[in-house]
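# Structural features, examined
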Amino acid sequence: IVNGKDLGGMTWEEAAEKLNKDADARKREAMIRVSFDGEIYPVAVGNVMEFDGETLAREILERSRNGFWEGGITYLGALLRGYDMEALPEIKSMAALYGEMEASGLLDMDDSIQTTYRQEGKHLSFQMGTSGETVDAGKLGEMILEAVRAENYQDMIELSLIHI
C-alpha cells in the first residue's frame, strides 16, 4: 500500500499508472496561501512538484520479488505490521518554486528604491536609492517547502519582510 493505494497483484506498469494518477491529483490540489497586509496570494506549488511513479513501482516490485527466504520475511513482516508507505510529490527545484512565488506577485513587494545612474548628454545624473523592506524570499521558500512536506494546504503562511 503506497499513499493509501493498494498495489497488490499489479504489474509495475499498472502500479506506476495508479501512483502517477494519485500524484497528479495531489499536485492539482497543491496550493499554498500566503497572506500579507489583508491580501491573500495563492502560490501554485503543484506546478513545480515532481513525482516518479515508474521508479517507485519498480523498486516496490523488486522488493516483493526477492529470494524465497527474504521474500517470505518481507511478506510476514507486512502481514504482522502492515506495509504502508508514503511517497508524495515533492519540490526539487528552488528556482522553480521562486518562479511560482514571483508569478503570484509576492516578490514584487519591495518599497526600496535602487540607486540609478543616467547619462544625459555630457552630464551624469545620479539618484541615490533608499532603504526599505522587501520579501524574505529564502524564509518564505522554506516555509512553503515545510508546508508541502506536511501536506498542509489549509493553514495560511504569513509573509515575512526584511529591512534592507
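All of the points below concern the structure found in this document. (Residues numbered from 1 in each chain as written. Predicted model: local features only at pLDDT ≥ 70, side-chain atom pairs only at ≥ 80, totals over all residues. Heavy atoms only, no water.)

### Observations regarding the overall build of the chain
- Secondary structure summary: the chain contains five helices and nine strands in total.
- The secondary structure elements of the chain, listed N-terminal to C-terminal, are α-β-β-β-α-α-β-α-β-β-β-α-β-β.
- Counting only residues that meet the buried cut, the chain has 33% of its 164 residues in that class.
- Within the chain, contacts between residues separated by at least 24 positions form 69% of all contacts whose residues are at least 6 apart in sequence.
- When the accessible area of the chain is evaluated, it comes to approximately 10,800 Å², of which 51% is carbon and sulfur surface. (Helix = DSSP H or I, 4+ residues; strand = E, 2+ residues; numbered from the N terminus. Buried < 20%, exposed > 50% of the residue type's maximum accessible area, 1.4 Å probe, protein only. Contact = heavy atoms within 4.5 Å. Areas by Shrake-Rupley, 256 points an atom, 1.4 Å probe, with all protein chains shown as cover.)

### Topic: the sheet that holds strand β2 (residues 39-43)
- In space, the three strands of this open sheet follow the order β2-β1-β8, with mixed pairing throughout. Each of the sheet's edge strands pairs with one partner strand only, and the pair in question is β2 and β8 (157-158).
- Across two bridges, the pairing between strand β1 (residues 32-36) and β8 is parallel. Each bridged residue has a counterpart across the sheet, and for S35 the counterpart in β8 is E158. (Pairing = 2+ DSSP bridges.)

### Here's the deal with the packing of helix α4 (residues 94-103) against helix α5 (residues 137-149)
- Here α4 crosses α5 at 100°, and the two axes come no closer than 11 Å. If you check the angle between α4 and α5, you find them roughly perpendicular. Of the residues in α5, those touching α4 at M94, L97, Y98 and M101 are A137, G138, L140, G141, E142, I144 and L145.
- Across the contact of α4 with α5, the residue classes tally to eight nonpolar, two polar and one charged. (Axes fitted to C-alpha atoms, helices over the stretch in contact; angles between N-to-C directions. Parallel < 35°, antiparallel > 145°, perpendicular 65-115°, else oblique. Nonpolar A, V, L, I, M, F, W, Y, C, P; charged D, E, K, R; others polar.)

### Comments concerning the nonpolar core
- In this structure, I32, V45, L140 and I144 are the most contacted members of the largest nonpolar core, which totals 22 residues.
- Put simply, the parts of the chain that give this core at least two residues each are β1, β2, α4 and α5.
- At five residues, α5 tops the list of elements feeding residues into this core. (Core = buried A, V, L, I, M, F, W, Y, C linked by side-chain atoms within 4.5 Å.)

### What about helix α1 (residues 12-29)?
- Between its first and last C-alpha, α1 extends 26 Å over 18 residues, near the 26 Å set by a 1.5 Å rise per residue.
- Along α1, the positions that sit buried rather than exposed are A15, A16, L19, N20, D22 and A23. Taken end-on, α1 shows its buried residues confined to a sector of 165°, consistent with a single buried face. Across from the buried face of α1, at angles greater than 90 degrees, the exposed residues are K21, R28 and E29. (Expected span 1.5 Å × (residues − 1). Arc of directions from axis to C-beta.)

The values are spatial; any link to function lies outside them.
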